[in-house]
Amino acid sequence: MDLSKRKFKDDYKKMMTEVYSMDISEAEPTEQFFVLGNLVRTYSSKNWSHTNQVYVENKQKQTYYFSMEFLLGRMLKSNLLNLGILNTVRDGLYDLGIDLETIVQMEPDPGLGNGGLGRLAACFIDSMATSEIPGHGNGIRFKYGLFKQKFVNGYQVELPENWLQNGNVWETRKMHAAVTVRLYGKVWLEKTASGVLEPHYEGAQKVLAVPYDTAVIGYKNDVVNTLRLWSAEVPAQDESTDYWSFIHQRNQIESISEVLYPDDSNYEGRLLRLKQEYFFVSAGVQSIIRHYKKMRVPMLHLAEKVAIHINDTHPALSVPELMRILLDEEKMDWEHAWNVTVNVMSYTNHTIMSEALEKWPIDMISTLLPRIYQIICEIDRRFTMKMSTLFDPSIVERTRIIECGHVKMAHLAIIGSHSINGVAQLHTTILKEKVLHDFYLIYPSKFNNKTNGITQRRWLMLANEPLCNLINRKIGNDWETTPTELKMLKAFRDDEKTLIELAKIKHQNKERFAKHIQKTMGLVLNPDAIFDVQIKRLHAYKRQLLNLLHILSLYFQLKDHPEADLHPRVFIFGAKAAPSYTYAKQIIKLINSVADLINQDTTIKEKLKIVFVENYGVSLAEKIIPAADISEQISLASKEASGTSNMKLMLNGAITLATLDGANVEIRDRVGSNNIIIFGLREEEVYQYYHDGSYHSKSYYDRNPVLRRVLNALIDGTIPDAEAEGRSVFDSLVYYGDEYFVLRDFDAYSAAQKQIDQLYRDTLKWQRMALINIAGAGTFSSDYTVQQYASQIWDVFSRIRDI
Ligand code: 73E
């Protein structure tokens, strides 16, 4: 948008008076933030209504991205950037005596997601608006986001994250668009006069779903899409309800949108989770149908105007919910309703970890959602009947939805969708050949790959302005809208001046991060050290332990030879563990205890430091990523579906140290094997081990003295105050099979780390590698990813730019 500095300053002062009736000089930073947020809303509001109007007038097909999680991060700067007024506002505020960076910190960081899956959804809505795809988010307005993590004596402690405490400047409550969601009760079918079966409901609990809409602003293109998050409320009461039953009912209902299930892999609070899933799915589908009806296009044509995307299995109930509406409310017959539903729905699988593949006990689902359960049974009956005539009975048994008293959500999503995609090439191949092979035999054409992506706006333009400025000076700014243009940087691969400039920027970013750590943790970091970063959820398959065992081996090396020629290192961890995941929490404690041991040991001459940041999330990622030299992507091959921190880190010039897992494979293909450090077991070797059962971790402990010393340190008191945790980890690695092959990959990992130590000493060579990574990162822009979803899955209009 066009905005002069003078106009902005006038607007800002006026808004300050309107909102707080006071002068700017009297306002606190929180108030300054709130006023700026309000002003940004007014700047985007015209385009928001205009975008909606255009969609309606053109009867454009819309995509709705259904996701339990949207891990948005702070939105102020991102909105300013996308409106094209970031610098004007920064300068204008400066004139008014206000520092933009200070007031940015006043915005709460809404942690409405666990990790990669939720952050992907946030990148996607940003990229859909930027790519002019009529695409909107649909999710839950959790009152409490993912827990706030504190370390107490090295242990993770979870605290509530009350992000809405001071209000949310970006949202608008849309009471007129509220819908009713029904839970529990009884349903029976009765034949009507015309012989059709009609459902009758009795005694359902009604929940009012109230939408809160947030503008999703496209990058400098006047497009504003919508993120709709639903809040659960008590419907207007009838007079007869007594006070105490009202309070009881209110608590029960409001708990539905109270708290994000804080778990990446395990279950708990299962019933509440199922309620949440149905709640936002039912509200979303009802609201889409209401909107569609305004267009006066027959329901049979729904799939020409609406695409619903099921982000992982959590929203898989959209399939029976749409069927319910088409059958019961729109009176469509089964075949037509099914045809419409399958054409509307598409599904993304994000993981092969079996514990994350949702299953619901049928007694739970039939009690909570009686009509939905009937419909699922009928989908299952028709599926098994049809497939029995075409496939081996064992295949049908393995693929059906209802099995052993459970409803399998992935099966429901696959059967009810026209497309199923994995999130990286390797992941999709594993789905087709292994995990979902039976379905691949049944529906080969439904399967496709869409490698994940990240938005370069948040992860480069906002997080790393110095690097962004350098890039613009070298190659111009076409890459902002055509990110593959970053490849132009390769022309500077042998330009010493550029490489030195890159090194300087990295150094400055490291200094900035070191300052932050000194301020928040009191730890002094040496910016000349290698900053080695592993930031992701804590999970055994991600192998933070491999990193830790190697750190211990370096420590012992330095203890034996204090003068050993090791380049100083700072190992940076950021990770939350699911509250019920004991092993992951033990690993956190162990890392913190090793950090205490090493950080306090003056005999190693400051060569090693460990920083485990508390409460890792989007805002911290924005600080850590620009300062990273090494990107640790060391999951056991086959287990990480894609990963996205790998993409963010390469975009900021970190060198990837990786197994050939997830999207690391494609990163290797993009930058070439000289510009990435690959080590460890390959996916096919892992499967071979599973097949022949020949992995015996204890033999690695017995045979490898370095490893033995490191592992013994876990149980011999070397690590302070972590005996129980050390014992548990030791036993799982040495005696209980080492499920994720940590000991098997230890030597290869150590060798790769040694190679890094050597490479880093040659600054030009290192920066050349960094440059080639930045140049190759454009391919992994979520702009391209969503454009591929739009053209190949959703069939909605977008400005396709071929890559
Ligand atoms: O590899 C990542 C992937 O990059 C994968 O582990 C993650 O999704 C990212 C985005 O595609 C993921 N999260 C979950 N499953 N896969 C998950 C499962 C249950 C609850 C919450 C998240």
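Keep in mind that this is a model prediction, so the values were computed, not measured. (Residues numbered from 1 in each chain as written. Predicted model: local features only at pLDDT ≥ 70, side-chain atom pairs only at ≥ 80, totals over all residues. Heavy atoms only, no water.)

> Help me understand the overall build of the protein chain in this model?
Check the secondary structure of the protein chain and you find 32 helices and 23 strands. Rg of the C-alpha trace for the protein chain: 27 Å, near the compact-globule value of 28 Å for 803 residues, within the 12% margin. Principal-axis analysis of the C-alpha atoms gives the protein chain an extent of 90 × 70 × 55 Å. The buried share among the 803 residues of the protein chain stands at 62%. About 31,100 Å² of surface is accessible on the protein chain, with carbon and sulfur atoms providing 50% of the total. Put simply, the protein chain has 93 plus and 98 minus side-chain charges, and the middle of one group is 3 Å from the middle of the other. (Helix = DSSP H or I, 4+ residues; strand = E, 2+ residues; numbered from the N terminus. Rg over C-alpha atoms; globule rule 2.2 N^0.38 Å. Buried < 20%, exposed > 50% of the residue type's maximum accessible area, 1.4 Å probe, protein only. Areas by Shrake-Rupley, 256 points an atom, 1.4 Å probe, with all protein chains shown as cover. Lys, Arg positive; Asp, Glu negative; His and termini not counted. Charge placed at Lys NZ, Arg CZ, Asp CG, Glu CD.)

> Looking at this model, I keep getting lost on the environment of asparagine 58. Mind explaining?
Relative to the elements of secondary structure, asparagine 58 occurs in the loop between α2 (29–57) and β1 (62–66). Given the relative accessible area of 48%, asparagine 58 is considered partly exposed.

> Would you mind showing me how to read the sheet that holds strand β14 (residues 402–403) here?
If you trace the three strands from one edge of the open sheet to the other, you get β13-β15-β14, paired in antiparallel fashion. Bordering the open sheet on either side are β13 (359–361) and β14, each of which pairs with just one other strand. The pairing of β14 with strand β15 (residues 406–408) spans two bridges and is classified as antiparallel. Residue pairing across strands places glutamate 403 opposite histidine 406, the latter belonging to β15. (Pairing = 2+ DSSP bridges.)

> Explain the layout of surface pockets to me, please; I cannot follow it from the model alone.
Any empty space left between atoms is shown by rolling a water-sized probe over those atoms. The volume enclosed by the second largest pocket comes to roughly 820 Å³. Lining the second largest pocket are 27 residues; nearest its centre among them are Lys77, Glu101, Gln105, Arg512 and Lys623. Mapped onto the lining of the second largest pocket, the elements with two or more residues apiece are α3 (76–83), α5 (100–104), α18 (456–462), α19 (465–475), α20 (496–521) and α23 (618–624). With six residues, α20 is the largest single contributor of residues to the lining of the second largest pocket. Residues of the lining of the second largest pocket, tallied by class, amount to eight nonpolar, six polar and 13 charged. (1 Å grid on protein atoms, 1.4 Å probe; cavity = no way out; pocket = protein on both sides within 12 Å on 5 of 7 lines; lining within 4 Å. Points joined across faces, edges and corners; volume = space filled by probe spheres on them. Nonpolar A, V, L, I, M, F, W, Y, C, P; charged D, E, K, R; others polar.)

> It is not clear to me how a nonpolar patch on the surface should be interpreted in this structure. Could you clarify?
Taken together, the side chains of Val152, Val157 and Leu159 make up a nonpolar region of the molecular surface, amounting to roughly 190 Å² of accessible area. In this fold, leucine 159 is placed in strand β4 (residues 155–159). Judged by relative accessible area, which is 31%, leucine 159 ranks as partly exposed. (Patch = residues over 30% accessible without salt bridge, like charges linked within 9 Å, V, L, I, M, F, W, Y side chains within 5 Å. Salt bridge = Lys/Arg side-chain N within 4 Å of Asp/Glu carboxyl O.)

> In this structure, what is going on with the nonpolar core? I would like to understand it.
One broad trend across soluble globular proteins is that nonpolar side chains are buried collectively. In this structure, Tyr12, Leu36 and Leu317 are the most contacted members of the largest nonpolar core, which totals 201 residues. Residues in contact with tyrosine 12, not counting those within four places in the same chain, are Ile24, Gln32, Val35, Leu36, Leu39, Leu93, Leu96 and Ile98. Residues Ala564, Ile591, Ile655 and Leu743 belong to the second largest nonpolar core, which totals 76 residues. (Core = buried A, V, L, I, M, F, W, Y, C linked by side-chain atoms within 4.5 Å. Contact = heavy atoms within 4.5 Å.)

> How should I be thinking about the confidence of the model for the protein chain in this particular structure?
Looking at the protein chain as a whole, the pLDDT averages 96, with 98% of positions reaching at least 70. Across the whole predicted complex the pTM is 0.98, and at the interface the ipTM reaches 0.99. (pLDDT = per-residue confidence, 0-100.)

> Please explain empty space enclosed by the protein as it appears in this structure.
This structure, assessed with the given rule, holds eleven cavities of 30 Å³ or more. The calculated volume of the largest cavity comes to roughly 200 Å³. Looking at the largest cavity, it is lined by 17 residues, and the ones nearest its centre are Met75, Ser78, Ala122, Asp126 and Arg458. Those elements that place two or more of their residues in the lining of the largest cavity are α3, α6 (116–130), β9 (205–217) and α18. In this structure, the second largest cavity occupies an estimated 110 Å³ of space. What lines the second largest cavity is a set of 13 residues, among which Arg182, Tyr201, Tyr278, Pro370 and Arg371 lie closest to the centre. The leading source of residues in the lining of the second largest cavity is helix α13 (residues 370–388), at three residues. Among the residues making up the lining of the second largest cavity, the classes are represented as ten nonpolar, no polar and three charged.

> Looking at this structure, how should I read the environment of isoleucine 362?
Within the fold, isoleucine 362 resides in helix α12 (residues 362–368). It is 9.9 Å that separates the C-alpha atoms of isoleucine 362 and lysine 408, two residues lying 46 residues apart in sequence. Apart from residues no more than four positions distant in its own chain, isoleucine 362 is found in contact with Tyr373, Ile402, Gly405, His406 and Val407.

> How should I be thinking about α3 in this particular structure?
Each turn of an α-helix holds 3.6 residues, which means side chains three or four residues apart point in the same direction. Counting buried positions over the eight residues of α3 gives eight, a clear majority of the element. Listed in full, the buried residues belonging to α3 are Leu76, Lys77, Ser78, Asn79, Leu80, Leu81, Asn82 and Leu83. After α3 finishes, the residue glycine 84 shows a positive phi value of roughly 80°.

> Help me understand the pairing of strand β18 (residues 530–535) in this model?
The two faces of the sheet receive side chains in turn, since in a regular strand these alternate between them. For β18, the buried fraction is high: six of the six residues fall into the buried class. Taking every second residue as pointing to the same face, both faces of β18 are buried, with Ile530, Asp532 and Gln534 on one and Phe531, Val533 and Ile535 on the other. In this sheet, strand β19 (residues 569–574) lies alongside β18 in parallel orientation, the contact comprising six bridges. Of the residues in β19, the one forming a bridge with glutamine 534 is phenylalanine 573.

> Explain helix α22 (residues 582–599) here, please?
Over its 18 residues, α22 extends 25 Å from the first C-alpha to the last, a length consistent with the 26 Å expected when each residue adds 1.5 Å. Most of α22 sits inside the fold, with 16 of its 18 residues counted as buried. (Expected span 1.5 Å × (residues − 1).)

> Got a minute to help me understand the side chain of histidine 350 in this structure?
Relative to the helices and strands, histidine 350 resides in the loop between β12 (345–348) and β13. A distance of 2.5 Å separates a polar atom in the side chain of histidine 350 from a polar atom in the side chain of asparagine 311. Filtering out sequence-adjacent residues up to four positions away, histidine 350 remains in contact with Leu117, Leu120, Asn311, Asp312, Val423, His427 and Ala641. (Polar contact = N/O pair within 3.5 Å; in protein donor to acceptor, adjacent residues only side chain to side chain.)

> Help me out: how do you make sense of the pairing of β9 in this one?
Taking burial as the measure, the 13 residues of β9 include twelve buried ones, the bulk of the element. With three bridges joining them, strand β5 (residues 171–173) and β9 adopt antiparallel strand pairing. The residue bridging arginine 173 from the neighbouring strand is tyrosine 212, located in β9. Strand direction decides the pairing type here: strand β6 (residues 179–183) and β9, joined by five bridges, are antiparallel. Residue valine 179 lies in a different strand from β9, and its bridge partner there is alanine 209. Here β9 runs beside strand β10 (residues 224–233); their pairing, made up of ten bridges, is antiparallel. Bridge pairing in β10 places isoleucine 217 opposite valine 224. Hairpin geometry of β9 and β10 is characterised by an intervening segment of six residues between the two adjacent antiparallel strands and by a positive phi of about 45° at lysine 220.

> Whenever I open this one, the sheet that holds β19 confuses me. Can you help?
Reading across the sheet, the six strands line up as β20-β19-β18-β21-β22-β23 and stay open at both edges, with parallel pairing between neighbours. The sheet is open, and its two edges are formed by β20 (608–613) and β23 (677–678), each paired on a single side. Pairing between strand β21 (residues 630–633) and strand β22 (residues 655–658): four bridges, direction parallel. Its bridge partner being in β22, serine 631 is matched across the sheet by threonine 656. On the sheet, helix α21 (residues 544–560) packs against β18, β19, β20 and β21 and is oriented at approximately 155° with respect to β19. Where α22 meets the sheet, its contacts fall on β19 and β20, and the angle it forms with β20 comes to roughly 145°. (Axes fitted to C-alpha atoms, helices over the stretch in contact; angles between N-to-C directions.)

> For this particular structure, what's the right way to read the state of the cysteines?
Throughout this description, disulfide means a covalent bond between two cysteine sulfur atoms. Overall, the coordinates contain zero disulfides when judged by the stated rule. The thiol of cysteine 123 is not disulfide-bonded; the next cysteine sulfur, from cysteine 468, is found 16 Å away. Exposure remark for cysteine 123: the relative accessible area of 1% places this residue in the buried category. With no disulfide of its own, cysteine 377 lies closest to cysteine 404 among cysteine sulfurs, the gap being 15 Å. (Disulfide = S-S within 2.5 Å.)

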